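Observations on the three-dimensional arrangement
Next come the chains, spelled out residue by residue.
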Amino acid sequence: MKHNLQHGGVAEVLAISLPMVISHACDTVMVFTDRLFLARIDPELMNAVMGGGLTSFMMISFFVGLVGFTTALVAQHLGAQRKKDCAVVLTQALIFSLSAYPVILALRPFANWLFVFMGIGKEQLEPQTIYLNILLYGSIISLMRTSLSGFFSGIARTKIVMASSVAAMITNVILDYVFIFGKFGFPAMGIRGAAYATVLGGIVGLLVLSLAYFKDRNRAEYNVARSFYFDRALALKLFKFGSPTGIEMFLNIIAFNAMVMMFHSLSPSAATAATIVFNWDFVSFVPLIGIEIGVTSLVGKYMGAGQPDTAHRAAMSGFRLGILYSAVILIFFAGFPEMLVNVFRPSATSEVFVSAMPTAVFMVRLASVYVLVEAMLCVFIGALRGAGDTLWAMRMSVILHWLMVAVLALILRVLRLPPEAGWAAMVSFFLVFSGVVFIRYSEGKWRSIRIVEPVVPAQIIPEIGEV
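What counts, and at which threshold
- Residues numbered from 1 in each chain as written.
- Predicted model: local features only at pLDDT ≥ 70, side-chain atom pairs only at ≥ 80, totals over all residues.
- Heavy atoms only, no water.
- Helix = DSSP H or I, 4+ residues; strand = E, 2+ residues; numbered from the N terminus.
- Rg over C-alpha atoms; globule rule 2.2 N^0.38 Å.
- Buried < 20%, exposed > 50% of the residue type's maximum accessible area, 1.4 Å probe, protein only.
- Contact = heavy atoms within 4.5 Å.
- Areas by Shrake-Rupley, 256 points an atom, 1.4 Å probe, with all protein chains shown as cover.
- Lys, Arg positive; Asp, Glu negative; His and termini not counted.
- Charge placed at Lys NZ, Arg CZ, Asp CG, Glu CD.
- Core = buried A, V, L, I, M, F, W, Y, C linked by side-chain atoms within 4.5 Å.
- Expected span 1.5 Å × (residues − 1).
- Bend = angle between axes of the 7 residues up to and from the residue.
- Salt bridge = Lys/Arg side-chain N within 4 Å of Asp/Glu carboxyl O.
- Phe/Tyr/Trp six-rings, centres within 6.5 Å; stacked < 30°, edge-to-face > 60°.
- Lys NZ or Arg CZ within 6 Å of the ring centre and 35° of its normal.
- Patch = residues over 30% accessible without salt bridge, like charges linked within 9 Å, V, L, I, M, F, W, Y side chains within 5 Å.
- pLDDT = per-residue confidence, 0-100.
- Axes fitted to C-alpha atoms, helices over the stretch in contact; angles between N-to-C directions.
- Parallel < 35°, antiparallel > 145°, perpendicular 65-115°, else oblique.
- Left-handed = near helix turned anticlockwise from the far one by under 90°.
- Nonpolar A, V, L, I, M, F, W, Y, C, P; charged D, E, K, R; others polar.

**A closer look at the overall build of the protein**
Along the protein, the regular secondary structure elements total 18 helices and zero strands. In terms of C-alpha radius of gyration, the protein reaches 22 Å, essentially the compact-globule figure of 23 Å for 467 residues. Taken along the three principal axes of its C-alpha coordinates, the protein extends 65 × 50 × 40 Å. A burial count over the protein gives 60% of its 467 residues as buried. Considering only residue pairs separated by 6 or more positions, the protein has 84% of its internal contacts joining residues 24 or more positions apart. Accessible surface, the protein: about 18000 Å² in total, of which carbon and sulfur atoms supply 69%. Distance between charge centroids for the protein: 6 Å, based on 33 positive and 25 negative side chains.

In structure tokens form, the structure reads like this:
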């Protein structure tokens, strides 16, 4: 069915991005619920979930970035009128995912050693290790979900990704309540229960995506039955353009994890303040990733069709949507920081939380300085990746993140300044990075990149609903 959407306009970007915003909001709720429920028991458990979850993602981040390029590659093949190759691209992503799993499990001892090396306190160390190990055993679920989500995002059927995330979220939240607190005859498993709920939620999300992929319509339209083979050319293309994103994600998550652990190693109160502000920062940032994926999909689609001007229009439409969302977040961060911090107040009186409160309020309020430029960062980095300019994005992002680690180490470990000073430095670096990404996009070098040659160059391609 045809929809009257202007190519690259706000309505078209919103049609793809809104389900992805909801999808990523669901993923945020899953993480947020783990931390919120455990904060009711003990702030140390909330901190352990933060540290263990970040480290788990660090261990799989290269492969998530690699198979995540499925979105752009599928979109480019769709735009180039090479529909039958879209499912073959997904097969290559699934092959990479299965190959990555034993590597991830083999590296578990490194992650456990990292906690000790960074000086995590003993009260946080044991539960953090438990949470990490369970998530790593379930990491294959995350990689396969990312691959299938990339396929459906690439063909602009993002409502399926949204349905998967909603199902995963509902499962996770219910099981969090049951497993953490011990309801309906189950024993109270605390942080172990939170990890089990996360993995089982991921399995339900994967089942939803798999059922949609093997439905008759999708099997016929993309020739799924004939797609299950190794295609060297497509695998190399996925690796060539996806690995810079994977390397970028891996090195950046290591850097970000190191920064979080530096805060966590200062004191329980500093760890609690940092965890609270990172929780809210995550809430504000993750929906923008939905807009980023929509922009990546459309830019890839129109670049594959040889229409860079329409790709640019899609990027600017995404930017307008991102600014509108970020303005709302700015109001909450700047105007109601005490209310946001108090969401994580434990049920029982906690000296750790009380001492962390002033620092957390300051950090949330300061985060309002950069929420608007987060929209610029997400949208234009998504546009560059959709066009295939992934190598530059990787280099610049990694350099800035590791400079941030060095500066934070200087502030917290050498000069021994308070955590407020370290957070101010992090905010400043995000402002710089957003400006650099915008300058790169404005230069327009991405317009000349060609990943897939269209069958009929520069033809007007189908609108959403016709593909």
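From this point on, the discussion continues.
**Brief notes about the nonpolar core**
Across soluble globular proteins, nonpolar side chains have a tendency to be buried as a group. The biggest cluster of nonpolar side chains holds 65 residues, and the ones touching the most others in it are Met259, Phe278, Phe344, Trp423 and Met426. Looking at which element gives the most residues to this core, the answer is helix α2 (residues 43–68), with ten residues. Residue contacts for phenylalanine 278: discarding those within four places in its chain leaves Met50, Phe256, Val260, Phe263, Trp423 and Met426. Counting residues in hydrophobic clusters, the runner-up holds 35 residues, among them Leu78, Ile155, Val161 and Ile293.

**With respect to helix α3 (residues 70–79)**
Within α3, ten of the ten residues are buried, which leaves the element mostly enclosed by the surrounding structure. Those residues of α3 not exposed but buried are Thr70, Thr71, Ala72, Leu73, Val74, Ala75, Gln76, His77, Leu78 and Gly79.

**Brief notes about helix α1 (residues 10–41)**
Each α-helix winds once per 3.6 residues, and so residues spaced three or four apart point in a common direction. If you check α1, its first and last C-alpha atoms are 44 Å apart, about what 32 residues at 1.5 Å a residue would give, namely 46 Å. Maximal helix bending in α1 amounts to about 35 degrees, located at serine 17; proline proline 19 follows within four positions.

**Observations regarding the side chain of serine 97**
By the secondary structure assignment, serine 97 is in helix α4 (residues 84–106). Exposure remark for serine 97: the relative accessible area of 0% places this residue in the buried category.

**Let's talk about the pattern of salt bridges**
For the structure shown, the criterion picks out eight salt bridges. Glutamate 221 is the partner of arginine 217 in a salt bridge, and the nearest nitrogen-oxygen pair spans 3.7 Å. Here arginine 217 pairs with glutamate 221, and both are found in helix α10 (residues 216–221), just four residues apart, close to one helical turn. Take arginine 217: its relative accessible area is 52%, and that puts it in the exposed class. The class for glutamate 221 is buried, based on a relative accessible area of 18%.

**Looking at the packing of aromatic side chains**
One pass over the structure, following the stated rule, counts 26 aromatic pairs. Between the aromatic rings of tryptophan 280 and phenylalanine 344, the centroid separation amounts to 6.0 Å while the plane-to-plane angle is 80 degrees, which identifies the pairing as edge-to-face. Here tryptophan 280 is found in helix α12 (residues 268–304), whereas its partner phenylalanine 344 is found in the loop between α14 (337–342) and α15 (351–367), with 64 residues between them in sequence. We note that tryptophan 280, like phenylalanine 344, is buried. Members of the aromatic cluster, each reached through a chain of ring pairs, are Phe151, Phe152, Tyr213, Phe214, Tyr222 and Phe228. Lysine 301 extends its terminal NZ or CZ atom over the ring of tyrosine 302, reaching a point 5.9 Å from the ring centre.

**Considerations on the environment of isoleucine 140**
Structurally, isoleucine 140 can be placed in helix α7 (residues 139–154). Isoleucine 140 sits in the buried class, given a relative accessible area of 14%. Sequence-wise, isoleucine 140 and serine 97 are 43 residues apart; in three dimensions their C-alpha atoms are separated by 6.8 Å. Excluding anything up to four places from it in sequence, isoleucine 140 contacts Ser97, Leu98 and Tyr101.

**Topic: a nonpolar patch on the surface**
On the surface, Val103, Leu107, Phe110, Trp113 and Phe117 cluster together into a nonpolar patch covering about 510 Å² of accessible area. It is helix α5 (residues 108–117) that contributes the most residues to the nonpolar patch, three residues altogether. With respect to the helices and strands, tryptophan 113 occurs in helix α5. The class for tryptophan 113 is partly exposed, based on a relative accessible area of 46%.

**A look at the confidence of the model for the protein**
Keep in mind that low pLDDT regions are not for reading the predicted coordinates in detail. In this model, the protein carries an average pLDDT of 86, and 96% of its residues clear a pLDDT of 70 or more. Note on residues 457–467: pLDDT under 50 across the span, and 44 contacts to partners over four residues away in sequence or across chains.

**Section: the packing of α4 against helix α11 (residues 232–264)**
Contact geometry for α4 and α11: axes closest at 9 Å, N-to-C directions at 65 degrees. Here α4 is positioned roughly perpendicular relative to α11, judged by the angle of their axes. Note that α4 runs across α11; the crossing there is right-handed. Each of Asp85, Val88, Val89, Gln92, Ala93 and Phe96 in α4 lies in contact with α11, whose residues at this interface are Leu234, Ala235, Leu238 and Phe239. For the contact of α4 with α11, the per-class residue count stands at eight nonpolar, one polar and one charged.

**Concerning unusual backbone geometry**
Leaving glycine aside, a negative phi is the common case for residues, and trans is the common case for peptide bonds. The phi dihedral of alanine 156 is positive, around 70 degrees, even though this residue is not glycine. For alanine 156, the position within the fold is in the loop between α7 and α8 (158–181).

**Brief notes about the environment of phenylalanine 230**
Mapped onto the secondary structure, phenylalanine 230 falls in the loop between α10 and α11. Residue classification places phenylalanine 230 among the exposed positions, given a relative accessible area of 53%. Contact partners of phenylalanine 230, with chain neighbours within four places excluded, come to Gln92, Ile95 and Ala235.

**What about the packing of α11 against α12?**
Running from N to C, α11 and α12 cross one another at 140 degrees; their axes reach a closest spacing of 7 Å. In this view, α11 runs oblique relative to α12, as classed from their interaxial angle. Where α11 approaches α12, its residues Phe256, Val260, Phe263 and His264 are matched on the opposing element by Ala270, Ala271, Ala274, Thr275 and Phe278.

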